Amino acid sequence: MAGWRRVTNAVQATGGRIIAQLWHMGRVVYPSFLGGAQPVSSSVTTAPGYAHTYAGKQPYTAARALHLDEIPGILQAFQAAALNTLEAGFDGVQIHAANSYLIDQFLRDSANFRTDAYGGSVQNRRR
């Protein structure tokens, strides 16, 4: 964190503000970036298009649906990342919830086919 503290201090010393953007890629990450693990998403789906990988563009692979007991861990990871960001001296945190990343995958009825408390109605999908 000391490296980030130097960056944030330098920005703030000039009167600037610095904000960190946090995201979880969900199904739009390629397994090679996950040590070969399968990507996760709101539901069993495959992102359209191609992933940019070290081996060039590759078709996305099917993601597995997050289990109910995994979702609190994702939320805790976002919380820990936000707290670490603020501790490193950032002025704020933006949670990226668009562009087909994980939060967007829960919000969209085209990617969320869940029938539990995180699927179905807009209210549930926003949970």
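Everything that follows concerns the structure shown earlier in this document.
Let us look at the structure shown here. (Residues numbered from 1 in each chain as written. Predicted model: local features only at pLDDT ≥ 70, side-chain atom pairs only at ≥ 80, totals over all residues. Heavy atoms only, no water.)

### Let's talk about the nonpolar core
Cut-off, in case you're wondering: Residue types Ala, Val, Leu, Ile, Met, Phe, Trp, Tyr and Cys, when buried and joined through side-chain atoms within 4.5 Å, form a set referred to as a nonpolar core. Think of it in three bands: with a 1.4 Å probe and only protein chains considered, a residue is buried below 20% of the maximum accessible area for its type, exposed above 50%, and partly exposed in between. Every helix listed is a DSSP run of H or I at least four residues long, and every strand listed is a run of E at least two residues long, numbered separately from the N terminus. Contacts were defined at the residue level, with two residues in contact if any of their heavy atoms lie within 4.5 Å.
Core analysis: the biggest nonpolar cluster contains 10 residues, these being Leu22, Val40, Leu66, Ile71, Ile74, Phe78, Ala82, Leu102, Phe106 and Tyr118. For this core, the elements supplying multiple residues, two or more each, are helix 2 (71–87) and helix 3 (102–107). The element best represented in this core is helix 2, accounting for 4 residues. The residues touching Val40, leaving out its near neighbours within four places in the chain, are His24, Gly26, Arg27, Ala63, Arg64, Leu66, Leu102 and Gln105. By size, the runner-up hydrophobic cluster in this structure holds 6 residues, among which are Tyr30, Ala47, Ala51 and Tyr60.

### What to know about a nonpolar patch on the surface
As a reminder of what qualifies: Patch membership is restricted to residues that have no salt bridge and whose relative accessible area is over 30%. Joining uses 9 Å for like charges and 5 Å for the nonpolar side chains Val, Leu, Ile, Met, Phe, Trp and Tyr. With residues, only the protein chains shown are counted as cover, and all accessible areas are computed by Shrake-Rupley using a 1.4 Å probe. Any carboxyl oxygen of Asp or Glu that lies within 4 Å of a side-chain nitrogen of Lys or Arg is treated as forming a salt bridge with it.
Taken together, Phe33, Leu34 and Tyr54 make up a surface patch of nonpolar side chains, about 370 Å² in accessible area. Mapping Leu34 onto the fold places it in the loop between strand 1 (19–22) and strand 2 (40–41).

### Details of helix 2
Here is the rule: What a helix is expected to span follows from its residue count: subtract one and scale by 1.5 Å. The arc in question is traced by the directions running from the helix axis to the C-beta atoms.
Between its terminal C-alpha atoms helix 2 stretches 24 Å, which fits the 24 Å expected from 17 residues at 1.5 Å a residue. All of the buried residues along helix 2 are Ile71, Ile74, Phe78, Ala82 and Thr85. Angularly, the buried residues of helix 2 cover 75° about the axis, an arc narrow enough to put them on a single face. What points out from helix 2, more than 90 degrees from its buried face, is the exposed set Gln76, Gln79, Leu83 and Glu87. Of the surrounding elements, those touching the buried residues of helix 2 are strand 1, strand 6 (92–95) and helix 3. Count one or two residues on from helix 2 and you reach Gly89, which has phi positive near 105°.

### Some words on unusual backbone geometry
If you check the backbone angles, Asn99 has positive phi at about 55° while not being a glycine. Along the chain, Asn99 turns up in the loop between strand 6 and helix 3.

### Considerations on the pattern of salt bridges
The tally for this structure, following the rule as stated, stands at 3 salt bridges. The residue Arg108 makes a salt bridge to Asp104 at a minimum N-O spacing of 2.8 Å. Here Arg108 falls in the partly exposed class, since its relative accessible area comes to 45%. Owing to a relative accessible area of 5%, Asp104 belongs among the buried residues under this scheme. When the shortest N-O distance is used, the salt bridge between Asp116 and Arg114 registers 2.8 Å. Look at Asp116 and you get partly exposed, because its relative accessible area is 22%. Residue classification places Arg114 among the buried residues on the basis of a relative accessible area of 11%.

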